[in-house]
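Analysis of the macromolecular model
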Amino acid sequence: MTPRAVLALGILALASCAHPNRVSRGLLRQLARKHEPYVLVFGSLSMPVDSTAHPTIRFVHQSNRTAPEYLLQEVTVAGGHRFYAILNKPAALAVLDEFEAAVGSSNTAWDKITYVRLHPGDGPLGFYTGEITVTPPPARNVSGQTMTVAIRDDFQNAAQELRRLYPEFTGAITKAPLLRAPIPVPAPPRLK
């Protein structure tokens, strides 16, 4: 094998180990060194097992209906895994002061699930969007049928996992205010 082939195989092996829905720790360290405020969003997104589509969650900034819509981040999730994403502030904005999240796809529709207003200078912030399940309509070619979005609240476990995966994240972690009531997760039974 040539050195070039060995290098290519090494890069492929490293890329295959990387989790596609996570933020690199190096990026978080870089943002912390620069003392830049940033928003880390996290949660999980899934579809029923028999569905072939992969759900997408997108985060956008649009100050009003006539203003341009800036895509801050878009994450397509396969297999119901958790996602972690840093929202990218558009160059046209002085600060990222608000965002909204929607689930769905460009082929079907987007269902808005949250709107968050930020305060300048808040530092790094973590927003939990919930455990989101998207169920597509039974017949896609019939008008009037809509997808169903259910959100389950598992904030405590998700926040613990965030702290375990990203110990360098020092910001506040909170639940994003949802536009629908989440389904509460029952507490696990206590063992004596």
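Overview of the structure.

**A short note on the sheet that holds strand β2 (residues 56-61)**
Within a sheet, adjacent strands bond to each other through the backbone by hydrogen bonds, running parallel or antiparallel. With antiparallel pairing, 4 strands are arranged side by side in an open sheet as β3-β2-β5-β6. Each of the sheet's edge strands pairs with one partner strand only, and the pair in question is β3 (70-76) and β6 (110-117). Strand-to-strand twist across the sheet, computed as the mean angle between neighbouring axes with direction ignored, equals 20°. Bridge analysis of β2 against strand β5 (residues 98-104) gives 5 bridges, and the strand direction is antiparallel. The residue bridging R58 from the neighbouring strand is A102, located in β5.

**So, the pattern of salt bridges**
This model, assessed by the stated rule, comprises 9 salt bridges. A salt bridge links E74 to R58; the nearest nitrogen and oxygen atoms lie 3.2 Å apart. In this pair, E74 is assigned in strand β3 and R58 in strand β2, connecting sequence segments 16 residues apart. Its relative accessible area of 37% is what places E74 among the partly exposed residues. Since its relative accessible area comes to 15%, R58 is described here as buried. A salt bridge links D153 to K175, with the nearest nitrogen and oxygen atoms 2.7 Å apart. Note that D153 is positioned in strand β8 (residues 148-153) and K175 in strand β9 (residues 172-175), a separation of 22 residues in sequence. Classification of K175 by relative accessible area gives partly exposed; the value is 40%. Each of R25, R29 and E168 takes part in a single network of salt bridges with overlapping partners.

**Topic: the nonpolar core**
Of all hydrophobic cores here, the largest spans 27 residues; its most connected members are I57, F59, F99, F127 and I132. Among the secondary structure elements, those contributing two or more residues to this core are β1 (39-46), β2, β3, β4 (82-86), β5, β6, β7 (125-135) and β8. Looking at this core element by element, the count peaks at 4 residues for β7. The contacts of F59, once residues within four sequence positions are left out, are V41, Y70, L71, L72, Q73, F83, L87, F99, E100, A101 and T129. With 16 residues, the next largest nonpolar core counts L31, L40, Y128 and A158 among its residues.

**Details of the side chain of H61**
Mapped onto the fold, H61 is located in strand β2. Of the residues examined, H61 reaches a relative accessible area of 4% and is grouped as buried. If we skip the residues at most four places from it in the chain, H61 touches P68, E69, Y70, L72, L93, L96, D97 and E98.

Rules used in this analysis
Residues numbered from 1 in each chain as written. Predicted model: local features only at pLDDT ≥ 70, side-chain atom pairs only at ≥ 80, totals over all residues. Heavy atoms only, no water. Pairing = 2+ DSSP bridges. Helix = DSSP H or I, 4+ residues; strand = E, 2+ residues; numbered from the N terminus. Axes fitted to C-alpha atoms, helices over the stretch in contact; angles between N-to-C directions. Salt bridge = Lys/Arg side-chain N within 4 Å of Asp/Glu carboxyl O. Buried < 20%, exposed > 50% of the residue type's maximum accessible area, 1.4 Å probe, protein only. Core = buried A, V, L, I, M, F, W, Y, C linked by side-chain atoms within 4.5 Å. Contact = heavy atoms within 4.5 Å.

Interpretation note: all reported values are geometric properties and have no functional meaning in isolation.
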